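Observations on chain architecture
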Amino acid sequence: MSQTSSPSAPAAAHAHAHAPAPASAPAPTAAPASAARRLSREVFRRAVEPGVWKRAPVLTGSALLLGLVMLLHAYVPNRFGTVGSLVETFLPWFGLFVPVLAAGALWRRSPAAVIALVLPVAVWLSLFGGLLADKSHAGGDLTVATHNVGADNPDPAGTARGLAASGADVLALEEITDQDRDVYEEELAAAYPYHAVVGTVGVWSRLPLSDTRPVDIATDVGPLAATKPADVRTAGSRALRTTVATDRGPLTVYVVHLGSVRLNPRTGFWTDSRDRNIRALGDVLAADRSERVVLLGDLNGSLDDRAFDGVTSQVRSVQEAAGDGFGFSWPARFPVARIDHILVRGVEPASSWVLPATGSDHLPVAARIGW
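I will try to describe carefully the structure that is included in this document. (Residues numbered from 1 in each chain as written. Predicted model: local features only at pLDDT ≥ 70, side-chain atom pairs only at ≥ 80, totals over all residues. Heavy atoms only, no water.)

Side note on the nonpolar core
Test applied: Side-chain atoms within 4.5 Å link the members of a nonpolar core, which is a set of buried Ala, Val, Leu, Ile, Met, Phe, Trp, Tyr and Cys residues. Partly exposed describes any residue whose relative accessible area lies between the buried limit of under 20% and the exposed limit of over 50%, with all areas from a 1.4 Å probe on protein chains only and scaled to the type maximum. We call two residues in contact whenever any of their non-hydrogen atoms come within 4.5 Å of each other.
One finds Val144, Leu251, Val294, Leu296, Ile342 and Ile369 to be the most contacted residues of the largest nonpolar core, which totals 24 residues. Apart from residues lying up to four places away in sequence, Ile342 is in contact with Val144, Ala145, Thr146, Val294, Leu295, Leu296, Arg316, Ser317, Val318, Val365, Ala366 and Ala367.

Here it is in structure tokens:
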């Protein structure tokens, strides 16, 4: 029996001698740590190479220029072609250049270009980062809306029905033509028992209106303007003022359609009539001592445009105060700018939004306000 058991004892001892110790296994991270050190050294070596910081100087310069243009947009001169106003009108879209430049910087492996992009990113976020959050909240006492219905609107009746379905308590329309005026009055009569039209702008309300009158925003200028009779000037009016009787007191409402702007090779960004209207409107608002004011209309420009300083110093945008996003309203098929605005003074914006498209080339915008 001892002969059969003796071979197994050495084998067992041999197996036990080679069994791994459970508590003293070597650390498995040694090789990865060594690889990480080698990678770090290689990255550092490449970073300190004299030529690497000279790569893609055009990309680096473009990134810095982009940041400086956004940072110093107020100093871009308007003297030639109103370039400053053009830049400010589309200023939010300058952010699209950042990912393009970033892709180029990574492709060229240029650390200088990547670092230079910090400037435009920081500037864009400081200017528009607040618009990326939804600032709307529940509440409000009154819903107001405005829409440039478009002189060439192929379906004014459908446009009117869509606006009535929005639930707005006060509705402002701009660019009302003589042939479409009856259509809007008929289609909106059931929802809005009170309305007033002056020239090409109008207001429809569920609440009583009073003291409606045209507002002079210097639409007619030149030697012939003073010779026009009152009824002719009123027929071409593009602004009105009225008072809405609410259960919280009177609310002064302006409906405004400022002059158009044009972009062409000869004149550049032409804004003469609009800017003249803005200055006149600013004077009107400064003289109005009403406690609560709402300005509704197509202002043919972004509020980032320096030309609006005389107005924005007196009233504030509901979209910036209580909107979600940029609220672009024009053109309707692919909105790139908010040129239709609701501005307030003496009331609190609760929410702001863009309404569905109609037959117009503008989108309607609405807001809920309270006090």
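What about the environment of Gly140?
Which entries qualify depends on this criterion: In DSSP terms, a helix is any run of H or I states spanning at least four residues, a strand is any run of E spanning at least two, and both are numbered starting from the N terminus.
Structurally, the position occupied by Gly140 is in the loop between helix H8 (118-128) and strand E1 (142-148). The class of Gly140 is partly exposed, set by a relative accessible area of 31%. Each C-alpha atom, one on Gly140 and one on Glu348, is 7.9 Å from the other, the two residues being 208 residues apart in sequence. With sequence-adjacent residues up to four places away left out, Gly140 is seen in contact with Ala350, Arg368, Ile369 and Gly370.

Things to note about a nonpolar patch on the surface
Under the convention used in this document: Two distance rules govern patches: like charges are joined within 9 Å, and nonpolar side chains (Val, Leu, Ile, Met, Phe, Trp, Tyr) within 5 Å, applied only to residues with over 30% relative accessible area and no salt bridge. Using a 1.4 Å probe, accessible areas were evaluated by the Shrake-Rupley method; residue-level cover was limited to the displayed protein chains. Any Lys or Arg side-chain nitrogen found within 4 Å of a carboxyl oxygen on Asp or Glu counts as a salt bridge.
Where nonpolar side chains cluster on the molecular surface, the patch consists of Leu68, Leu71, Leu72 and Tyr75 and spans about 440 Å² of accessible area. Structurally, Leu72 can be placed in the loop between helix H4 (57-71) and helix H5 (83-89).

Section: the sheet that holds strand E10 (residues 293-298)
Pairing between sheet strands relies on hydrogen bonds along the backbone, with the strands arranged either parallel or antiparallel. Note the threshold: Pairing between strands requires that DSSP locate at least two bridges from one strand to the other.
Across the sheet, six strands lie side by side as E5-E6-E7-E10-E12-E11; this open sheet has mixed pairing. The sheet terminates laterally at strand E5 (209-214) and strand E11 (316-317), the two strands that pair on one side only. Judged from the six bridges that link them, E10 and strand E12 (residues 340-345) form a sheet pairing that is antiparallel. Paired with Leu295 across the two strands is Leu343, which belongs to E12.

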